[in-house]
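Given next are the chains, with one letter for each unit.
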Protein chains: 2
Amino acid sequence: MKNAIDNLIEKIKEKNNPTVIGLDPRYDMIPNCIKNKYGQDLKGVADAIIEFNKDLIDAVYDIIPAVKPQIAFYEMFGVEGIRAFEETCKYAKSKDLVVIADMKRGDIGTTAEAYSNAAIGRTTIGEEFQKIFDVEFVTVNPYLGTDGIKPFVEDCKKYGKGIFVLVKTSNKSSGELQDLETKDGEKIYEKVAKLVNEWGKDLIGENGYSSISAVVGATYPEQLKELREKMPHSYFLIPGYGAQGGKAADIVLGFDENGIRRNSKCIKKLNMCI
Amino acid sequence: MKNAIDNLIEKIKEKNNPTVIGLDPRYDMIPNCIKNKYGQDLKGVADAIIEFNKDLIDAVYDIIPAVKPQIAFYEMFGVEGIRAFEETCKYAKSKDLVVIADMKRGDIGTTAEAYSNAAIGRTTIGEEFQKIFDVEFVTVNPYLGTDGIKPFVEDCKKYGKGIFVLVKTSNKSSGELQDLETKDGEKIYEKVAKLVNEWGKDLIGENGYSSISAVVGATYPEQLKELREKMPHSYFLIPGYGAQGGKAADIVLGFDENGIRRNSKCIKKLNMCI
């Protein structure tokens with residue numbers, strides 16, 4: 001059966017491009033020609049962000065498969081910021097882009113359920129339900145273990161959505177916990193990789209990838225290569241390319257060809273990277 | 001110098017009660033006499049939640065020191081839900097309660113900065129700044145290591161705020177990662193405890209506690225006891241009491257007396273528990 005990753009792969013093939021554009025708006029970097037139309041209050045900022053994001057989406061939607069808005073850069077403007085986030089997701093979807101909400105949510109069962117409802121599921125009100133952000137993918141944090149992830153997995157099953165679980169992140173200090181070696185010789189990020197394989201084993205789609213997939217930073221090419229081998233059914237979201245220092249040669253190691261042959265020389269069907 | 005924990009301790013003494021009430025609204029459990037006043041749409045739900053929370057706060061503000069709204073239960077209602085979250089925090093503060101925003105945020109440096117701005121810091125717009133949620137404390141996730149925590153620590157310094165870092169969570173599967181033993185015999189949650197001690201060492205207040213403190217679940221009394229010893233300068237936020245199965249006898253182990261004597265027999269000045 002087709003899953004969320006299959007839809008993403010279709011879009012990547014169609015555009016012949018595995019790049020995801022981050023939508024992490026910085027108000028002070030939005031051009032004045034947009035900013036000057038709106039007030040310098042929270043509502044004005046949100047309106048400026050929406051216009052800027054729409055312009056950006058208009059400029060790129062025909063060459064990229066997906067966008068990744070980072071909710072922190074919206075939340076910092078409160079209620080109005082969340083409005084801008086919602087509008088941005090909606091507009092990107094109207095342009096047939098896959099939306100990956102970068103929210104890195106992680107909490108205990110019932111709370112994870114509420115987060116999942118917001119991002120990829122449904123919110124029930126009486127007998128009715130409402131879609132909230134209704135994106136195709138959301139990023140999640142594994143620190144609380146299986147019962148913090150399960151509600152997301154359930155919604156992935158029910159609604160054909162997907163998640164990217166943080167396995168190895170792109171930041172400098174990611175190794176402080178993620179690289180710690182356990183008694184049996186495996187590192188924490190390898191333990192998480194195994195959990196991700198386990199969580200996703202019933203959700204493998206037509207292309208051989210599970211909709212429960214992984215975030216692996218471009219800034220750690222060695223781990224990227226190693227994890228590519230250990231997670232054959234995981235699609236990789238690879239942050240860190242560009243401003244954070246990851247280069248094309250680094251991220252090649254996280255790609256495979258067609259989900260079957262895994263070497264870095266021949267890239268025909270690409271895993272997604274940002 | 002007085003820090004956020006000193007202010008919390010003052011309120012705990014004043015009310016003679018270390019209990020924090022969670023504000024995790026479930027729409028279907030709000031009484032009809034409130035729900036029927038409003039529409040069954042997102043705005044109506046948010047208004048019902050606000051009224052319910054205000055009633056609850058009115059009923060308890062004179063006997064408890066603090067409230068802990070869990071943002072997931074607001075986010076699931078989208079923009080309107082976040083409005084309810086903001087209003088709830090504002091109202092609780094107007095009643096002189098300490099607000100602990102349960103957000104479990106964790107991301108790389110610049111993104112963590114944006115989250116911190118929203119929760120405990122300031123959001124800059126041009127030459128001006130805005131306070132967004134402006135709560136006293138926020139919960140954070142340590143999986144990304146130091147550079148995901150530092151921006152929060154900076155805001156704690158600047159604005160006299162505090163954070164509670166997830167060390168050992170209260171859910172069933174928390175052990176899958178948190179209890180893994182590393183090569184040197186220490187468990188992951190102990191490694192996190194050490195990091196928390198390190199992050200908070202310059203922010204110790206008049207009562208001997210750092211404003212960089214810890215979440216330790218009531219459902220794991222053994223770890224609670226052990227961590228109480230290992231984190232003498234950490235105030236503990238202890239979830240899991242009540243619905244999750246933690247009992248009074250379990251949480252006693254997480255308390256100390258006056259931050260100096262640490263045994264479970266004599267509790268005069270209590271660490272906070274929920």
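These numbers were taken from a predicted model, which means no experiment stands behind them. (Residues numbered from 1 in each chain as written. Chains lettered and ligands numbered in written order. Predicted model: local features only at pLDDT ≥ 70, side-chain atom pairs only at ≥ 80, totals over all residues. Heavy atoms only, no water.)

Draft legend 1. Layout of the overall build of chain A. Each helix and strand counted, chain A has 11 helices and 9 strands in total. For 274 residues, the compact-globule estimate of 2.2 N^0.38 gives 19 Å, and chain A sits close to it at 18 Å. Viewed in the frame of its principal axes, chain A has a C-alpha envelope of about 55 × 45 × 40 Å. Every one of the 274 residues in chain A was classed for burial, and the buried ones make up 61%. Here the analysis covers contacts within chain A between residues at least 6 apart in sequence; of these, 68% occur between residues at least 24 apart. Element-wise, carbon and sulfur atoms account for 50% of the exposed surface of chain A, whose accessible area totals about 10,500 Å². In chain A, 38 side chains carry a positive charge and 41 a negative one; their mean positions are 4 Å apart. (Helix = DSSP H or I, 4+ residues; strand = E, 2+ residues; numbered from the N terminus. Rg over C-alpha atoms; globule rule 2.2 N^0.38 Å. Buried < 20%, exposed > 50% of the residue type's maximum accessible area, 1.4 Å probe, protein only. Contact = heavy atoms within 4.5 Å. Areas by Shrake-Rupley, 256 points an atom, 1.4 Å probe, with all protein chains shown as cover. Lys, Arg positive; Asp, Glu negative; His and termini not counted. Charge placed at Lys NZ, Arg CZ, Asp CG, Glu CD.)

Draft legend 2. Here's a closer look at the relation of the copies chain A and chain B. Rotating chain A by 180° and moving it 0.0 Å along the rotation axis overlays it on chain B with an RMSD of 0.0 Å. What we have between these two chains is a two-fold relation. Among all C-alpha atoms of chain A, that of threonine 182 of chain A lies closest to the rotation axis, at 1.9 Å. With an isologous cut-off of 70% or more, the 100% of interface residues of chain A that recur at the interface of chain B puts this contact in the isologous class. (Least-squares fit on C-alpha atoms with pLDDT ≥ 70 in both.)

Draft legend 3. Highlighting the side chain of lysine 104 of chain B. Summarising the element assignment, lysine 104 of chain B is placed in strand S3 (residues 98–105). On the basis of relative accessibility, which here comes to 9%, the residue lysine 104 of chain B falls in the buried class. There is a polar contact of 2.9 Å between the side chain of lysine 104 of chain B and the side chain of aspartate 102 of chain B. Beyond its immediate sequence surroundings of up to four residues, lysine 104 of chain B is in contact with Gly106 and Asp107 of chain A together with Gln70, Thr139, Val140, Asn141 and Leu166 of chain B. (Polar contact = N/O pair within 3.5 Å; in protein donor to acceptor, adjacent residues only side chain to side chain.)

Draft legend 4. Representation of the interface of chain A and chain B in the model. Chain A puts 68 residues into the contact, and the matching count from chain B is 68 residues. Taken together, the connections running from chain A to chain B amount to 6 salt bridges. Lysine 183 of chain A is the partner of glutamate 181 of chain B in a salt bridge, and the nearest nitrogen-oxygen pair spans 3.2 Å. Our enumeration of links across chain A and chain B arrives at 32 residue pairs in polar contact (both at pLDDT 80 or more). Of the residues assigned to the side of chain A that touches chain B, the class counts are 30 nonpolar, 23 polar and 15 charged. (Salt bridge = Lys/Arg side-chain N within 4 Å of Asp/Glu carboxyl O. Nonpolar A, V, L, I, M, F, W, Y, C, P; charged D, E, K, R; others polar.)

Draft legend 5. Structural detail: the sheet that holds strand S9 (residues 234–237) of chain B. All names here are of chain B. Judged by pairing direction, the sheet is parallel, and its 7 strands sit side by side in the order S1-S2-S3-S6-S7-S8-S9 without closing on themselves. The outermost strands of the open sheet, each flanked by one partner alone, are strand S1 (20–23) and S9. Taken pair by pair, the neighbouring strands of this sheet meet at an average axis angle of 30°, ignoring direction. Of the pairings in the sheet, the one linking S1 to strand S2 (residues 66–69) comprises 4 bridges and is parallel in character. Pairing of isoleucine 21 across the sheet is with valine 67, part of S2. Against the sheet, helix H5 (residues 78–94) contacts S1, S2 and S3, and its axis sits at roughly 150° relative to S3. (Pairing = 2+ DSSP bridges. Axes fitted to C-alpha atoms, helices over the stretch in contact; angles between N-to-C directions.)

Draft legend 6. The pairing of strand S8 (residues 210–216) of chain B, seen in detail. All names here are of chain B. Here S8 lies mainly inside the structure; 7 of its 7 residues are buried. Strand direction decides the pairing type here: strand S7 (residues 162–168) and S8, joined by 5 bridges, are parallel. Paired with phenylalanine 164 across the bridge in S8 is serine 213. Where S8 lies against S9, 3 bridges are found, and the strand directions are parallel. In the sheet register, alanine 214 faces S9, and the bridge partner there is phenylalanine 236. After leaving S8, the chain enters helix H10 (residues 221–230) and then returns to the sheet as S9, a path that is right-handed. (Right-handed = clockwise from strand over helix to strand, strands pointing away.)

Draft legend 7. Just helix H9 (residues 188–199) of chain A, in detail. All names here are of chain A. Taking 1.5 Å of rise per residue, the 12 residues of H9 would be expected to cover 16 Å, and the 16 Å separating its terminal C-alpha atoms lies within 8% of that figure. Burial within H9 is extensive, with 9 of its 12 residues counted as buried. Those residues of H9 not exposed but buried are Ile188, Tyr189, Glu190, Lys191, Val192, Ala193, Leu195, Val196 and Trp199. (Expected span 1.5 Å × (residues − 1).)

Draft legend 8. Geometry of the environment of valine 216 of chain A. Structurally, the position occupied by valine 216 of chain A is in strand S8 (residues 210–216). Separated by 22 residues in the primary sequence, valine 216 of chain A and isoleucine 238 of chain A have C-alpha atoms spaced 5.2 Å apart.

Draft legend 9. Structural context of the sheet that holds strand S7 (residues 162–168) of chain A. Residues and elements named next belong to chain A. An order of S1-S2-S3-S6-S7-S8-S9 is seen for the 7 strands of this open sheet, with the pairing classed as parallel. Each having just a single partner strand, strand S1 (20–23) and strand S9 (234–237) make up the two edges of the open sheet. For this sheet the average axis-to-axis angle between neighbouring strands, irrespective of direction, equals 30°.

Draft legend 10. H5 of chain B, seen in detail. Compared with the 24 Å implied by 1.5 Å per residue over 17 residues, the 24 Å span of H5 of chain B between its first and last C-alpha is a close match. Within H5 of chain B, burial applies to Gly78, Val79, Gly81, Ile82, Ala84, Phe85, Thr88, Cys89, Tyr91 and Ala92 of chain B. Each element contacted by the buried residues of H5 of chain B is listed here: helix H5 (78–94) of chain A together with S1, helix H3 (42–60), S2, helix H4 (72–75) and S3 of chain B. Aspartate 96 of chain B sits one or two residues past H5 of chain B and shows a positive phi near 65°.

Draft legend 11. Expanded view of the packing of aromatic side chains. All names here are of chain B. One pass over the full model with this rule turns up 8 aromatic pairs over all chains. Aromatic side chains phenylalanine 85 and phenylalanine 133 sit 5.0 Å apart centroid to centroid with 85° between the ring planes, which places their arrangement in the edge-to-face category. Here the residue phenylalanine 85 occupies a position in helix H5, and phenylalanine 133 occupies one in the loop between strand S5 (128–130) and strand S6 (137–140), the gap between them amounting to 48 residues. Among the residues examined, phenylalanine 85 registers a relative accessible area of 0% and is labelled buried. (Phe/Tyr/Trp six-rings, centres within 6.5 Å; stacked < 30°, edge-to-face > 60°.)

Draft legend 12. Summary view of the side chain of serine 170 of chain A. For serine 170 of chain A, the position within the fold is in the loop between S7 and helix H8 (175–178). For serine 170 of chain A, a relative accessible area of 8% puts it in the buried group. Once residues lying within four places of it in the same chain are set aside, the contact partners of serine 170 of chain A are Gly217, Thr219, Tyr220, Pro239, Gly240 and Gln244 of chain A together with Ile108 of chain B.

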